[in-house]
Amino acid sequence: MENNSKGIAKGELVALIVSSSIGTGIFGIMNDLANAAAPGPALLAWFFVGIGILALVLSLNNLSEKRPELDSGIFSYAGAQFGPLGEFISGWAYWLSSWLGNIAFATMLMSSFGTFFKVFKGGQNLASIFAAIIIMWLLTLLVNNGVESASFINTIVTICKLIPIFAFVVIMIISFKGGIFTADFWGNVTNNVLHGGKTVSLFEQMKGSIMVMMWVFIGIEGASVLGNRAKKKSDAQQATVYGLVSLLAIYILVSLLPYGVLSQAKIATLQQPAMGEVLKHVVGSWGSVMINIGLIISTLGAWISWTMLPAETTMLMAKDKTLPKSWGKVNKKNAPTYSLVITGVMQTIFLFSLLFTEYAYNFAYSLCTAAILISYLMVGSYQMQFSYQKKEWGQFGIGIIAAAFQLTAMVLAGWQQVLMVSILYIPGFIFYYLSSKENDRRINKNEKITMGIVLLIAVIAIIMICTGTIKVG
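Predicted model, so just to flag it, every value in this text is computed and none were measured.

A. View of the overall build of the chain. Secondary structure assignment for the chain yields 21 helices and 0 strands. Over its C-alpha trace the chain gives a radius of gyration of 22 Å, about what one expects of a compact globule, namely 23 Å for 473 residues. Reported as C-alpha extents along the three principal axes, the dimensions of the chain are approximately 65 × 55 × 45 Å. In the chain, which comprises 473 residues, the share counted as buried stands at 55%. Within the chain, residue pairs in contact and separated by at least 24 positions form 82% of the contacts whose partners lie at least 6 positions apart. Separation between the mean location of the 30 positive side-chain charges and that of the 20 negative ones in the chain comes to 3 Å.

B. Up close: unusual backbone geometry. That bond from Gln272 to Pro273 is cis: its omega, -5 degrees, falls within 30 degrees of zero. Tracing the backbone shows Pro273 in the loop between helix H13 (264-268) and helix H14 (274-283). A positive phi angle is found at Asp440, which is not glycine, with a value near 55 degrees. Relative to the helices and strands, Asp440 is located in the loop between helix H20 (425-438) and helix H21 (445-466). You can call Asp440 exposed: its relative accessible area is 74%.

C. Local environment of the pattern of salt bridges. Here the structure, examined in full by the defined rule, presents 3 salt bridges. Across the salt bridge formed by Glu392 and Lys66, the nearest N and O atoms sit 2.9 Å from each other. Highlighted residues: Glu392 in the loop between helix H17 (360-390) and helix H18 (393-413) and Lys66 in helix H3 (residues 39-66), separated in sequence by 326 residues. For Glu392, a relative accessible area of 25% translates into the label partly exposed. The partly exposed category is assigned to Lys66, whose relative accessible area is 32%. Two residues, Lys207 and Glu204, come together in a salt bridge whose shortest N-O distance is 3.6 Å. A residue pair is termed a helical-turn pair when its members lie 3 or 4 positions apart in one helix, as Lys207 and Glu204 do in helix H10 (residues 202-217) at 3 residues. Exposure remark for Lys207: the relative accessible area of 24% places this residue in the partly exposed category. When its relative accessible area of 35% is taken as the criterion, Glu204 is described as partly exposed.

D. Just the side chain of Thr343, in detail. For Thr343, the position within the fold is in helix H16 (residues 337-353). Not counting residues up to four positions away in its chain, the partners in contact with Thr343 are Trp95, Trp99 and Pro310.

E. Fine view of the side chain of Glu277. Residue position: Glu277 is located in helix H14. No salt bridge is formed by the buried Glu277. Its closest oppositely charged neighbour is Lys280, at 4.8 Å. What Glu277 contacts, discounting residues up to four positions off in sequence, is Leu270, Gln271 and Ser288.

F. How the structure looks around the nonpolar core. Judged by nonpolar contacts, the single largest core of 138 residues is most densely connected at Trp46, Phe88, Phe217 and Tyr425. With 18 residues, the single largest contributor to this core is helix H5 (residues 84-116). Those residues in contact with Phe217, other than ones at most four positions away along the chain, are Trp46, Val49, Ile53, Leu244, Leu247, Leu248, Tyr251 and Tyr376.

G. Up close: the packing of aromatic side chains. Going through the model one piece at a time under the given rule, you end up with 33 aromatic pairs. Ring centres 6.0 Å apart and planes at 55 degrees place the aromatic pair Phe75 and Tyr94 in the tilted group. Of this pair, Phe75 sits in the loop between H3 and helix H4 (76-82) while Tyr94 sits in helix H5, and the two are 19 residues apart along the sequence. A relative accessible area of 1% means that Phe75 is categorised as buried. Between Phe217 and Tyr251, the aromatic rings sit 5.1 Å apart at their centres with planes inclined by 90 degrees, giving edge-to-face as the arrangement. Of this pair, Phe217 sits in helix H10 while Tyr251 sits in helix H12 (residues 233-256); the two residues are 34 residues apart in sequence, bridging distant segments of the chain.

H. Highlighting a nonpolar patch on the surface. On the surface, a cluster of nonpolar side chains totalling about 560 Å² of accessible area is made up of Phe116, Phe117, Val119, Ile156, Val289, Ile293 and Ile297. Examining the composition of the nonpolar patch, we find that 3 residues originate from one element, helix H15 (residues 285-319), more than from any other. With respect to the helices and strands, Ile156 occurs in helix H7 (residues 151-175).

I. Spotlight on empty space enclosed by the protein. Applying the stated criterion across every chain, the model contains 1 cavity of 30 Å³ or more. If you trace the largest cavity, you find it lined by Ala106, Thr107, Met110, Gly123, Gln124, Ser128, Ile129, Ala132, Leu351 and Leu354. Every element with two or more residues in the lining of the largest cavity is listed here: H5 and helix H6 (126-144). Within the lining of the largest cavity, the residues separate by chemical class into 6 nonpolar, 4 polar and no charged.

J. Up close: H15. Between the first and last C-alpha of H15 there are 51 Å, a value that for 35 residues agrees with the 51 Å anticipated at 1.5 Å per step. At the exit of H15 stands Lys321, carrying a positive phi of roughly 65 degrees.

Rules used throughout
- As a convention, each chain's residues are numbered from 1 in the sequence order in which they are written.
- Per-residue local features are limited, in this predicted model, to residues with pLDDT of at least 70; the limit for side-chain atom pairs, both in listing and counting, is 80 or more; totals at the level of whole chains, interfaces and linings are taken over all residues.
- Neither water nor hydrogens contribute to the side-chain values; these are computed over all heavy atoms in the structure.
- Under the scheme used here, helices are H or I runs from DSSP no shorter than 4 residues and strands are E runs no shorter than 2 residues, and both carry numbers assigned from the N terminus.
- Two things to know: the radius of gyration comes from C-alpha atoms, and the globule rule equals 2.2 Å times the number of residues to the power 0.38.
- Here's how the labels work: a residue is buried when its accessible area is under 20% of the maximum for its type, exposed when over 50%, partly exposed in between, all with a 1.4 Å probe on protein chains only.
- We call two residues in contact when some of their heavy atoms are within 4.5 Å.
- Counted charges follow a simple rule, with Lys and Arg positive, Asp and Glu negative, and His plus the chain ends left uncounted.
- Charged side chains are reduced to one point each, which is NZ for Lys, CZ for Arg, CG for Asp and CD for Glu.
- Whenever a carboxyl oxygen of Asp or Glu lies within 4 Å of a side-chain nitrogen of Lys or Arg, that contact is scored as a salt bridge.
- We call a set of buried residues a nonpolar core when its members are Ala, Val, Leu, Ile, Met, Phe, Trp, Tyr or Cys and they connect through side-chain atoms within 4.5 Å of each other.
- Here a pair means two rings of Phe, Tyr or Trp (six-membered ring of Trp) with centres within 6.5 Å. Their orientation is stacked below 30 degrees between planes, edge-to-face above 60, and tilted elsewhere.
- Patch criteria: residues need more than 30% relative accessible area and no salt bridge. Like-charged residues are merged within 9 Å; nonpolar side chains of Val, Leu, Ile, Met, Phe, Trp and Tyr are merged within 5 Å.
- In these tables, accessible area is a Shrake-Rupley quantity obtained with a 1.4 Å probe, and a residue counts as shielded only by the protein chains included in the view.
- Grid points spaced at 1 Å over the protein atoms alone were grouped into cavities, where a 1.4 Å probe fits but cannot get out, and pockets, open sets with protein on both sides within 12 Å along at least five of seven lines, with lining residues defined by an atom within 4 Å of a point.
- Grid points are joined across faces, edges and corners, and a volume is the space filled by probe spheres set on the points.
- Residues are sorted three ways: Asp, Glu, Lys and Arg are charged, Ala, Val, Leu, Ile, Met, Phe, Trp, Tyr, Cys and Pro are nonpolar, and all the rest, Gly among them, are polar.
- Helix span, as expected, comes to 1.5 Å for every residue beyond the first.

Don't take any of this as a statement about function, it's just geometry.
Encoded structure:
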């Protein structure tokens, strides 16, 4: 058994996985979930999503242990299975997800500012968008000058994130009323009101919850990286499982306890960040102020890391020759200026698109989640192939669950968003072509067919948006 005296103990590793995985999405999840489901269907959906995410992380643990040479991010597994185009499709999706997540950060941040400055109320008016663009470019400039997420920033972010969440859970438990929670447990009454008199089945409520729940798990792939830093390899998988169970417990408490304090219909109409609004109803304005201050600090801190992440992704893709070399070039401060600028321009364009959607935050995180589902699906697919070749049938079963879950989420809950994401492959394939030309690599027949299919899907998506079949936001 291999020991690493410099590694992280199992208990510390569980805490690290939990703190690093909780993002800003938890501050608004109760509102998004209440719009989709009553407590009963939401609980069943959490169980379903928990199994799928566990299978994904176990797959990542297995592959990172047995294929350590594939170190170019989770998209390298798609490259091992499908070749350069497979890696590009997965990596491009991962890049899209990274900066689309920043759009969700921006809308949530400006909504928080709206608590203190009325000009930003709602988080998606012109003032909010211009302020978000300024903040985004300032952070891009900081990262371009070599300022990454220092350990002291991470510590501050973690404290500002976890203390309000802990306080929220305690206050919700104290204020919880069983009668309110069970009054419409399956949503037979409330969902008729929320959806204009339409009956919403148990299945439909669960389906509507999946993208909401997946959003708060984005970044969970980092758990496998942290797992490899355990003192003992035998502890890594256990710590990951314990960490995930702990995360699931926190998410369930935060998202479901409000159903025992306010009605589902009331929670569904709250402005973002909903956690602050729920506390405002229970303890008064100070509760909202506490949540919003914590959210502002934690969002700004996390945004620094998530400004670097898309650039790191494209650097790795350029190194593997699936993007032109210019995407991987770094300045004197070792920051990829070209990639940072392109990512910044894309974020600026998408921030203006928020003027045309009613629910900006939901629109941004739904696209972010849909994009990363593509990368996650390819992880499950490679886990299946690799385990089949090694005749490791238990791991093969885990791969089936991981891939089936991601595919189910894409088909049932996120098909419209996945179609919209396909449109962003139109410019992407231009860069892939330029990379192939730059590296004297011919695009083979199978790659041309695959690219043609994706482009056809993108054209269909554009037509569906123009005809109103797919509603933007």
